[in-house]
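Here's the letter readout for the chains.
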Amino acid sequence: MRISVLGCGRWGSFLAWYLCRTGHEVTLYGRAASWRMERLLKCRENDLLQIPEGVQLTTDLAAAVSRAEVLVISVGVQSLRSFLRELAGLDLSGRALVLCMKGLEAETGLRITEIVGQELGPIPCAIWVGPGHVQDFLRGVPNCMVIDSADAALREALVRAFSSDLIRFYYGDDLIGNEIGAAAKNVVGIAAGMLDGYGLTSLKGALMARGTREVGRLIGALGGSERSAYGLAHLGDYEATVFSPYSHNRAFGERFVRGERYAQLAEGMATAKALRVLSTRCGVGLPICGAVYDVLYEGVNPREALSNLFLRSLKREF
């Protein structure tokens, strides 16, 4: 395939590296004003990897789009709408989008494919979600991920084209469930980091069991399958989010309760807002995700919030 990866952060750069490795013709786009892209243009490397010589680098969005049949998008979810408006002015006919991000629009609660529908209309679109960190992949540690789409033919073509010995892709069959699950796991990751920050790591088992159940209820209320919460997009991504030292969301939660600054993007912060919107709209209680929201945005004491969740309340298990 002729593929352009739009977004030159660590994950976008990895996607270009990976897709070139699997035999595709790859272009990597980044904004001219981006210091990350400036570094790639200068020495073809970032802190984690070297961009293969076979990957074309460009700061021209129109050129990147014109070269590709598949556009792999890796930008922050809260920037997605504005980026799609840039794409809307270009010729996208005959092209498909693959969204490689996990989150929801903070103010509206919209899923990323819903944002695409609003901004670009009916265009073939898929999501690429599931567990995996760049650092592990670059060490040759394999993992399993999911590609899902309302377009079955696109989903199957992408799974066949993108699979390798490093990443085994599964066919998703619940776009709502996989989008919500992938986004919500970042909020659970923040809660996990807060537990780490207080030395309460042993409570992560309870966090995982209860977090999966509440996210499953939300997925069901939105029209998806509750069982998707137990798949790779959510529960299957907990090891990489709840335990991994590479998890930005876990690290953010840990630093937050210690009163320390965390400079990296933790998408779970904005997703906590979005889940509050969806919880209210659907009438579905989200105790863990709601507690994270209350701590981040309502000034609730995090130790008190965690204690109320796991140590004081009397609950039925299911």
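Owing to the predicted nature of the structure, the values given are computational and were not obtained by experimental measurement.

Reading guide: rules and limits
- Residues numbered from 1 in each chain as written.
- Predicted model: local features only at pLDDT ≥ 70, side-chain atom pairs only at ≥ 80, totals over all residues.
- Heavy atoms only, no water.
- Axes fitted to C-alpha atoms, helices over the stretch in contact; angles between N-to-C directions.
- Helix = DSSP H or I, 4+ residues; strand = E, 2+ residues; numbered from the N terminus.
- Parallel < 35°, antiparallel > 145°, perpendicular 65-115°, else oblique.
- Left-handed = near helix turned anticlockwise from the far one by under 90°.
- Contact = heavy atoms within 4.5 Å.
- Nonpolar A, V, L, I, M, F, W, Y, C, P; charged D, E, K, R; others polar.
- Pairing = 2+ DSSP bridges.
- 1 Å grid on protein atoms, 1.4 Å probe; cavity = no way out; pocket = protein on both sides within 12 Å on 5 of 7 lines; lining within 4 Å.
- Points joined across faces, edges and corners; volume = space filled by probe spheres on them.
- Expected span 1.5 Å × (residues − 1).
- Buried < 20%, exposed > 50% of the residue type's maximum accessible area, 1.4 Å probe, protein only.
- Polar contact = N/O pair within 3.5 Å; in protein donor to acceptor, adjacent residues only side chain to side chain.
- Core = buried A, V, L, I, M, F, W, Y, C linked by side-chain atoms within 4.5 Å.
- Right-handed = clockwise from strand over helix to strand, strands pointing away.
- Salt bridge = Lys/Arg side-chain N within 4 Å of Asp/Glu carboxyl O.

A. Representation of the packing of helix α12 (residues 268–282) against helix α13 (residues 287–297) in the model. Here α12 crosses α13 at 120 degrees, and the two axes come no closer than 9 Å. Between α12 and α13, the interaxial angle falls into the category oblique. Seen along the crossing, α12 lies across α13 with a hand that is left-handed. Where α12 approaches α13, its residues Met-269, Ala-270, Ala-272, Lys-273, Leu-275 and Arg-276 are matched on the opposing element by Cys-289, Gly-290, Val-292, Tyr-293, Asp-294, Leu-296 and Tyr-297. In terms of residue class, the contact of α12 with α13 is made up of nine nonpolar, one polar and three charged.

B. Expanded view of the sheet that holds strand β3 (residues 56–58). In spatial order, the strands read β3-β2-β1-β4-β5-β6-β7-β8; together these eight strands make up an open sheet with mixed pairing. Edge strands, defined here as strands with exactly one partner in the open sheet, are β3 and β8 (167–171). Strand-to-strand, the axes of this sheet are offset by a mean angle of 25 degrees, without reference to chain direction. Sheet topology places strand β6 (residues 125–129) next to strand β7 (residues 143–149); four bridges connect them, and they run antiparallel. Within the sheet, the bridge partner assigned to Ala-126 lies in β7 and is Ser-149.

C. Inspection of empty space enclosed by the protein at higher detail. Summed over the entire model, instances satisfying the criterion amount to two cavities of 30 Å³ or more. The space that makes up the largest cavity amounts to roughly 50 Å³. Of all the secondary structure elements, the ones that give two or more residues to the lining of the largest cavity are β6 and α8 (175–197). Take the lining of the largest cavity: its biggest share by element is three residues, from α8. Here the residues of the lining of the largest cavity are counted per class, giving seven nonpolar, one polar and three charged. Considering only enclosed or pocket space, the second largest cavity measures out at about 40 Å³ in volume. Elements with a contribution of two residues or more to the lining of the second largest cavity: α8, α13 and α14 (302–312). Residues of the lining of the second largest cavity, tallied by class, amount to ten nonpolar, no polar and no charged.

D. Just helix α9 (residues 204–221), in detail. Between its first and last C-alpha atoms α9 spans 26 Å; for 18 residues at 1.5 Å apiece the expected length is 26 Å, and the two agree. Of the positions making up α9, those classed as buried are Lys-204, Leu-207, Gly-211, Thr-212, Glu-214, Val-215, Gly-216, Leu-218 and Ile-219. Positive phi appears at Gly-223, one or two residues downstream of α9, with a value of about 105 degrees.

E. Just the side chain of Thr-113, in detail. With respect to the helices and strands, Thr-113 occurs in helix α5 (residues 112–120). A relative accessible area of 15% places Thr-113 in the buried class. Side chain to side chain, Thr-113 and Glu-179 meet in a polar contact 2.6 Å long.

F. Structural view of the nonpolar core. Counting residues in hydrophobic clusters, the biggest one holds 43 residues, and the most contacted among them are Ile-180, Leu-207, Leu-275 and Phe-310. Counting residues per element, the ones that place at least two in this core are α8, α9, α10 (238–243), α11 (248–257), α12, α13 and α14. Element by element, the count of residues in this core is highest for α8, at eleven residues. Residues in contact with Leu-207, not counting those within four places in the same chain, are Val-188, Ala-191, Ala-192, Leu-195, Thr-212, Val-242, Ile-288 and Phe-310. The next biggest cluster of nonpolar side chains, apart from the first, holds 37 residues, and it includes Trp-17, Leu-28, Ile-147 and Leu-154.

G. Geometry of the side chain of Asp-136. Mapped onto the secondary structure, Asp-136 falls in helix α6 (residues 134–138). Aside from chain neighbours lying at most four places away, what touches Asp-136 is Val-141 and Tyr-246.

H. Inspection of the pairing of β8 at higher detail. Pairing geometry for β7 and β8, over five bridges, is parallel. Bridging from a neighbouring strand, Asn-143 pairs with Ile-167 of β8. Each parallel crossover has a hand, and the one from β7 via helix α7 (residues 152–162) to β8 is right-handed.

I. Quick look at the pattern of salt bridges. Scanning the entire structure with this criterion turns up 22 salt bridges. Among the salt bridges present, the one from Glu-53 reaches Arg-44, with a minimum N-O distance of 3.6 Å. Two residues, Lys-102 and Asp-237, come together in a salt bridge whose shortest N-O distance is 2.9 Å. Taken together, the residues span a long stretch of sequence, with Lys-102 in the loop between β5 (96–99) and α5 and Asp-237 in the loop between α9 and α10 at a distance of 135 residues. A single burial state applies to Lys-102 and to Asp-237, both of which are buried. One salt-bridge network, held together by shared partners, links Asp-196, Lys-204, Arg-250, Glu-254 and Arg-258.

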